Amino acid sequence: MTEKAALGEPGRRIKTDQPHTARIWNYWLGGKDNYEVDQRAGDEIRRLHPGIGDYAQADRKFLGRAVRHLAGEQGVRQFLDIGTGLPTADNTHQVAQRVAPESRIVYVDNDPIVLAHAAALLDSTPEGRTDYLDDDLRNVDSILEQAARTLDFSEPVALMLLGVVIFIEDDEEAYRIVRRYMDRLPKGSFLVLSHTITRPDMPDVDAAVAFWNEHGTPKLTQRTPGAVARFFDGLELLEPGVVSCNHWRPDDSAERERPEVAMFGGVGRKN
């Protein structure tokens, strides 16, 4: 079953003359929902940081492994995915519903490009349910109120925040927003979060981010691995903790041996 959100007229807000995060990410992942301006910016960022495509892929695979684990071993049947991004292969609902067809997923994004493609996120198994909300991460009360049409907040929910809190510049505001969501979710819920990092041995990442913040939109904030781990304060971190996304429970030894990428992630349980 699907819930058709009021998708409005996103085309009026889409700017095709300025590179945009969701479209560049789509370009790096091999998608077709991008423009020449995004491709040029993506190529320049890749020149500054040749591994950028690897960490886009690593983040996507991290999503798949985390969702499979939560839907499988942890028995989670509800997912609130905020900062959805453009639909690609193996979106959250597809991964979860392959494990448990009755899974319910609510996607949230306020990007007009994502909104224009939201119908692709509303394909669900007959047993499950999906919905899409056009809203901003900061609007905690609004998002939870709307999501309650689809999700039962008396049961555990996995909050998915992949590559989205990077757009909250102020550290304390970012931590406060994540805590507000987790405070409202019941015991047994999970936080799945990934974040671009800054570290002395990865100076090319800093150069790529600086280029992006000068030319693209929206601007993003890097944080140290320790600062990313702080988002999980008060939660039980699942092994192996907050690590490079390609090192979070990799599927094979070859992936485990690959160099770290500048996208770190983790999964934490609320007890």
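Provided above is the structure to which this section pertains.
First, a word on scope: everything that follows refers to the structure included in this document. (Residues numbered from 1 in each chain as written. Predicted model: local features only at pLDDT ≥ 70, side-chain atom pairs only at ≥ 80, totals over all residues. Heavy atoms only, no water.)

**Notes on unusual backbone geometry**
For step 1, the next point in the chain: Pro240 follows Glu239 through a cis peptide bond whose omega is 10°.
For step 2, the next point in the chain: Along the polypeptide, Pro240 turns up in the loop between β6 (236–237) and β7 (243–244).
For step 3, the next point in the chain: Not every positive phi belongs to a glycine, and Arg249 is a case in point at roughly 45°.
For step 4, the next point in the chain: The topology assignment puts Arg249 in the loop between β7 and α10 (253–256). (Helix = DSSP H or I, 4+ residues; strand = E, 2+ residues; numbered from the N terminus.)

**With respect to the packing of helix α6 (residues 140–147) against helix α7 (residues 171–184)**
For step 1, the next point in the chain: Look at α6 against α7: their axes get within 10 Å of each other, and the N-to-C directions meet at 35°. Remark: the crossing between α6 and α7 carries right-handed chirality. Residues Val140, Asp141, Ile143 and Leu144 of α6 touch α7, and the partners they reach there are Ile177, Arg180, Tyr181 and Arg184.
For step 2, the next point in the chain: Classifying every residue of the contact of α6 with α7 by side-chain character gives five nonpolar, no polar and three charged. (Axes fitted to C-alpha atoms, helices over the stretch in contact; angles between N-to-C directions. Left-handed = near helix turned anticlockwise from the far one by under 90°. Contact = heavy atoms within 4.5 Å. Nonpolar A, V, L, I, M, F, W, Y, C, P; charged D, E, K, R; others polar.)

**Some remarks on α6**
Think of an α-helix as turning once every 3.6 residues; residues three or four places apart then point the same way.
For step 1, the next point in the chain: Among all positions in α6, only Val140, Ile143, Leu144 and Ala147 are buried. For α6, the angular spread of buried residues about the axis comes to 95°, placing them on one side.
For step 2, the next point in the chain: Buried residues along α6 sit in contact with β1 (78–82), β2 (104–109), β3 (129–134) and α7. (Buried < 20%, exposed > 50% of the residue type's maximum accessible area, 1.4 Å probe, protein only. Arc of directions from axis to C-beta.)

**Description of the environment of Thr92**
For step 1, the next point in the chain: Relative to the helices and strands, Thr92 is located in helix α4 (residues 92–99).
For step 2, the next point in the chain: Judged by relative accessible area, Thr92 falls into the buried class, the value being 1%.
For step 3, the next point in the chain: Each C-alpha atom of the pair Thr92 and Tyr107 lies 8.8 Å from the other, and the pair is 15 residues apart in sequence.
For step 4, the next point in the chain: With near-sequence residues (within four places) excluded, Thr92 lies in contact with Leu63, Val67, Phe79, Asp81, Ile105, Tyr107 and Met160.

**Describing the pairing of β2**
For step 1, the next point in the chain: Most of β2 sits inside the fold, with five of its six residues counted as buried.
For step 2, the next point in the chain: Examined bridge by bridge, β1 and β2 share five bridges and lie parallel to one another. For Phe79, the partnering residue across the bridge sits in β2 and is Ile105.
For step 3, the next point in the chain: The pairing of β2 with β3 spans six bridges and is parallel. Residue pairing in the sheet places Val106 in a bridge with Asp131 of β3. (Pairing = 2+ DSSP bridges.)

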